Amino acid sequence: MRSHNNVLLLHGSRVDEQQLKYTAQQNDQKAENESLKHQRQKEEKFPVPSVPRFLSSRNPSLRARRLGPPPARQSSYRQQASNPSTAATSASIPNSGQVSECPEDNRQRHVTELPDVVIVGDSMIKHIDGRLLSRRRKVFCHPHPGAKVADISAKKVTEGVKAKGDVILHIGSNNVSHGNGSTSTADDITALADGISNEGCEVALSSIVHRRWESAHQRRLVDRVNERLHTAARERSWGFIDNSSIGDRHLGRDGVHINKAGQAVLASNMRNFIRRPREQPTASSQQRSYAEVVRPKDTFLAELIILKQIL
């Protein structure tokens, strides 16, 4: 291919450059017309609702003339309480008591508002929904999987609950499984509860749940820890949540964590403490010893056998 005086020689034929440009422009125009035709057919098949001109206009004066002035933003309850003139004005308006805050205010309020009850513990409480435990009180559940008693800070717990709120501690199972003694485990839990109680919070100790694969020695350690916790709760007027009703059938396949049935029993035990009368901060079972509150299964079966023999 040779070029001479704006003339291309292609395979022996003479082609002008202007003719090539004109042909390319025609091809581009033809492709654009085809795309516009396809777009028009698509719009006819799927029509789009038209928007009034005064709504789509960018001129604010035109929108103001057609739509009128924007509605005044209603102030929140806190702003009305702080401003007497606003409160008096809203009192004269019908249904002014049903004032809803904007979503931004709601998000900020939920973030800053502290719960009334906090449940702190290990992985046993990770599937418990605090919203289902009480309707009148706000309950939060803070699980710490694999945590020991030393991993929980009393200061952080009290900072996340309202003043004079309730704190339920369900912890200590990992201490016993890692070889800690019953005395040291119970003392650590009691010291943690003392630090929370000194901040003005009501404390409740939840008993440790037995595991399926634990040895007889570990089972005795768990019983001793629960007995010491019950004694400390009775001496200090704390709440005590007895979880002895959770057995092997309430455990999952691993034999450590509770299944759905066990979660329901544990949640029910905590719900009973949360919904207690506020005039009685301690549980009624604290007036009895731990042996009277929790009877071993073999003793209960023995009593049934004796009753059958008498009858």
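Before reading further, recall that the structure is shown in the block above.
Residues numbered from 1 in each chain as written. Predicted model: local features only at pLDDT ≥ 70, side-chain atom pairs only at ≥ 80, totals over all residues. Heavy atoms only, no water.

Enquirer: Where do I start with the overall build of the protein in this structure?
Expert: Helices and strands together make up the secondary structure of the protein, namely 13 helices and eight strands. Counting contacts in the protein only where the partners sit at least 6 residues apart, residues at least 24 apart contribute 67% of the total. Carbon together with sulfur atoms contributes 51% to the accessible area of the protein, which is approximately 21300 Å² in total. (Helix = DSSP H or I, 4+ residues; strand = E, 2+ residues; numbered from the N terminus. Contact = heavy atoms within 4.5 Å. Areas by Shrake-Rupley, 256 points an atom, 1.4 Å probe, with all protein chains shown as cover.)

Enquirer: Where do I start with the pairing of strand S7 (residues 202-206) in this structure?
Expert: Regular strands have side chains that alternate between both faces of the sheet. With four of five residues buried, S7 is to be regarded as a mostly interior element. Note: strand S6 (residues 166-170) against S7, four bridges, orientation parallel. Bridging from a neighbouring strand, valine 167 pairs with valine 203 of S7. Sheet analysis places S7 next to strand S8 (residues 239-241), joined by three bridges and oriented parallel. Residue pairing in the sheet places alanine 204 in a bridge with glycine 239 of S8. Taken together, S7, helix H10 (residues 216-235) and S8 form a β-α-β motif whose crossover is right-handed. (Buried < 20%, exposed > 50% of the residue type's maximum accessible area, 1.4 Å probe, protein only. Pairing = 2+ DSSP bridges. Right-handed = clockwise from strand over helix to strand, strands pointing away.)

Enquirer: Is there a simple way to explain the pattern of salt bridges in this structure?
Expert: Once the charged atoms of two side chains with opposite charge are near each other, the side chains can pair. Here the structure, examined in full by the defined rule, presents seven salt bridges. Salt-bridge contacts for aspartate 116 lead to lysine 162; the nearest nitrogen and oxygen are separated by 3.3 Å. Of this pair, aspartate 116 sits in the loop between helix H6 (103-112) and strand S4 (117-121) while lysine 162 sits in the loop between helix H7 (154-159) and S6, and the two are 46 residues apart along the sequence. Under the relative-accessibility criterion, aspartate 116 is labelled buried at 17%. Taking the relative accessible area as the measure of exposure, lysine 162 reaches 30% and is therefore partly exposed. (Salt bridge = Lys/Arg side-chain N within 4 Å of Asp/Glu carboxyl O.)

Enquirer: Mind showing me how you'd approach unusual backbone geometry here?
Expert: Negative phi characterises most residues that are not glycine, and trans characterises most peptide bonds. For lysine 164, which is not glycine, the phi dihedral falls at a positive 60°. The exposure class assigned to lysine 164 is exposed, which follows from its relative accessible area of 65%. A positive phi angle is found at serine 237, which is not glycine, with a value near 60°. Mapped onto the elements of the fold, serine 237 is located in the loop between H10 and S8.

Enquirer: Would you take a moment to explain the packing of aromatic side chains for this structure?
Expert: Enumeration according to the criterion identifies zero aromatic pairs in this entry. Above the face of the phenylalanine 273 ring, arginine 276 is positioned so that its terminal group lies 4.0 Å from the ring centre. (Phe/Tyr/Trp six-rings, centres within 6.5 Å; stacked < 30°, edge-to-face > 60°. Lys NZ or Arg CZ within 6 Å of the ring centre and 35° of its normal.)

Enquirer: I tried to follow the environment of cysteine 141 on my own but got confused; where do I start?
Expert: Considering the arrangement of structural elements, one finds cysteine 141 in strand S5 (residues 139-143). Residue cysteine 141 is classed as partly exposed on the basis of its relative accessible area, which comes to 21%. Measuring from C-alpha to C-alpha, the distance between cysteine 141 and isoleucine 128 comes to 7.1 Å, with 13 residues separating the pair along the chain. Excluding anything up to four places from it in sequence, cysteine 141 contacts Ile119, Ile125 and Ile128.

Enquirer: Which parts of the structure should I look at to understand the sheet that holds S8?
Expert: Neighbouring strands of a sheet are bound in pairs by backbone hydrogen bonds; such pairs are parallel or else antiparallel. Spatial ordering of the open sheet is given by S5-S4-S6-S7-S8, a layout of five strands whose pairing is parallel. On the outer flanks of this sheet lie S5 and S8, each paired with one strand and no other. Strand after strand, the sheet turns through a mean of 20° between neighbouring axes, direction not considered. Contacts between helix H9 (residues 182-197) and the sheet are confined to S6 and S7, with S7 contributing the most and set at about 160° to the helix. (Axes fitted to C-alpha atoms, helices over the stretch in contact; angles between N-to-C directions.)

Enquirer: It is not clear to me how helix H11 (residues 260-274) should be interpreted in this structure. Could you clarify?
Expert: Turn by turn, an α-helix covers 3.6 residues, leaving residues three or four places apart pointing in a common direction. Spanning 15 residues, H11 covers 21 Å between terminal C-alpha atoms, matching the ideal 21 Å at 1.5 Å per step. Three or more residues of H11 are buried, namely Gly262, Gln263, Val265, Leu266, Ala267, Asn269, Met270, Phe273 and Ile274. Each element contacted by the buried residues of H11 is listed here: S4, S5, S6, S7 and S8. Backbone nitrogen of alanine 261 and a side-chain oxygen of the N-cap are separated by 3.2 Å at the start of H11; the cap is asparagine 259. (Expected span 1.5 Å × (residues − 1). Polar contact = N/O pair within 3.5 Å; in protein donor to acceptor, adjacent residues only side chain to side chain.)

Enquirer: What should I look at first to understand the pairing of S6 in this one?
Expert: Counting buried positions along S6 gives five out of five residues, so the element sits mostly inside the fold. Burial along S6 is two-sided: Asp166, Ile168 and His170 facing one way and Val167 and Leu169 facing the other are all buried. Both S4 and S6 contribute to a ladder of five bridges, which runs parallel. Within S6, the residue paired with glycine 121 across the bridge is histidine 170.

Enquirer: What is the right way to read the environment of arginine 135 from this model?
Expert: The residue arginine 135 is located in the loop between S4 and S5 in this model. Each C-alpha atom of the pair arginine 135 and arginine 275 lies 9.5 Å from the other, and the pair is 140 residues apart in sequence.

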